[in-house]
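Overview (structure and organization)
Spelled out from the first residue to the last, the chains are:
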Amino acid sequence: MSRRIAVLASGRGSNLQAILEAIAAGALDAEIVGVFSDRADAAALDKVPEALRWSASPRAWPDRAAFDAALADAVAAARPDWIVCAGYMRILGEAFIARFEGRLLNIHPSLLPKYRGLHTHQRALDAGDAEHGASVHFVVPELDAGTVIAQARIPVLAGDDAAALAARLLPREHALLVATLRLATAGRLAERDGKAHLDDQPLFSPLSLDSTGDLTRPDD
Ligand code: GRF
């Protein structure tokens, strides 16, 4: 049965685009049931029909909790099986996270637990890392701290700057997100006791994206 996916996005929406393309290609058995943004001008919104768009400025609400509650009601009304934060640039409050616990994913451009938060590419370069990457994780109230499901790795090359590194990582991010959603929509992923589970087995370390776009267990 086709699974229902809601996407939260604040910006350009290339990850959303990758999900839409995978669905159109028959590579992901899912449908996008809503795109939700804290910015009315987010390019991500334009990628879906108007009936699927929701956006509101947080400034229109008295505080973060009130905005989050409105967002959560809108998301819930779309009846998603999975909710994906893909470049959603606001921190979600505890009530929002609790309401969608176990089906709320985020894609983050670093090899977590390294570099939570912003400027991940520059921070990887500044640290002299030989490798960089992206992670998909379950969302918990602490920023970018939830259990990591899967990662994609790329080498850092001599001469890379943050923009070059980000550009080289982006297509791998897209493949990572789609591959993770394939597991999620097949009912193979779950979060239990704060741990990611694949096929009912706890994941002790993240799955890894191979060159064909498949996810493998680290000990495979
Ligand atoms: C991606 O790098 C994602 O990992 C990060 O924000 C960026 C969003 O890009 N969380 P896009 O809006 O999906 O193009």
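Before any of the text, the structure's been laid out above.
Okay, so let's go over this structure.

**Re the packing of helix H1 (residues 14–24) against helix H5 (residues 162–185)**
At a minimum axis distance of 9 Å, the contact between H1 and H5 shows a crossing angle of 50°. Taken together, the axis directions place H1 and H5 in an arrangement best described as oblique. Taken as a pair, H1 and H5 cross one another with a handedness that is right-handed. Note on element contacts: H5 touches H1 through Leu-170, Glu-173, His-174, Leu-177, Val-178 and Leu-181, opposite Ser-14, Asn-15, Ala-18, Ile-19 and Ala-22. Each residue belonging to the contact of H1 with H5 can be placed in one class, and the counts come to seven nonpolar, three polar and one charged.

**Points about the side chain of Asp-68**
If you trace the backbone, Asp-68 turns up in helix H2 (residues 64–77). No salt bridge is formed by the buried Asp-68, whose closest oppositely charged neighbour, Arg-64, lies at an N-O distance of 4.6 Å. A polar atom in the side chain of Asp-68 sits 2.6 Å from the backbone nitrogen of Gly-93. Dropping the residues within four chain positions of it, Asp-68 is found in contact with Ile-91, Leu-92, Gly-93 and Phe-96.

**Considerations on H5**
In this model, H5 (24 residues) spans 33 Å end to end at C-alpha, consistent with the 34 Å of a helix rising 1.5 Å per residue. A bend of about 30° at Leu-170 is the largest found in H5, and the proline Pro-171 appears one to four places after it. Where H5 terminates, the next one or two residues include Gly-187, which has phi positive at roughly 75°.

**A word on the sheet that holds strand S12 (residues 215–216)**
An order of S3-S2-S1-S4-S5-S6-S7-S11-S12 is seen for the nine strands of this open sheet, with the pairing classed as mixed. Looking along the sheet, the strands with just one partner apiece sit at the ends: strand S3 (53–55) and S12. When strand S11 (residues 207–209) meets S12, the two strands line up antiparallel, connected through two bridges. Across the sheet, residue Leu-209 finds its bridge partner in S12, namely Leu-215. Sheet contacts for H2: strand S1 (3–8), strand S2 (30–37), S3 and strand S4 (82–85); angle to S3, the most-contacted strand, approximately 175°. The sheet strands contacting H5 are S1, S2, S4, strand S5 (104–108), strand S6 (131–138), strand S7 (148–155), S11 and S12, and the helix crosses S7 at an angle near 150°.

Cut-offs and rules
- Residues numbered from 1 in each chain as written.
- Predicted model: local features only at pLDDT ≥ 70, side-chain atom pairs only at ≥ 80, totals over all residues.
- Heavy atoms only, no water.
- Axes fitted to C-alpha atoms, helices over the stretch in contact; angles between N-to-C directions.
- Helix = DSSP H or I, 4+ residues; strand = E, 2+ residues; numbered from the N terminus.
- Parallel < 35°, antiparallel > 145°, perpendicular 65-115°, else oblique.
- Left-handed = near helix turned anticlockwise from the far one by under 90°.
- Contact = heavy atoms within 4.5 Å.
- Nonpolar A, V, L, I, M, F, W, Y, C, P; charged D, E, K, R; others polar.
- Buried < 20%, exposed > 50% of the residue type's maximum accessible area, 1.4 Å probe, protein only.
- Lys, Arg positive; Asp, Glu negative; His and termini not counted.
- Salt bridge = Lys/Arg side-chain N within 4 Å of Asp/Glu carboxyl O.
- Polar contact = N/O pair within 3.5 Å; in protein donor to acceptor, adjacent residues only side chain to side chain.
- Expected span 1.5 Å × (residues − 1).
- Bend = angle between axes of the 7 residues up to and from the residue.
- Pairing = 2+ DSSP bridges.

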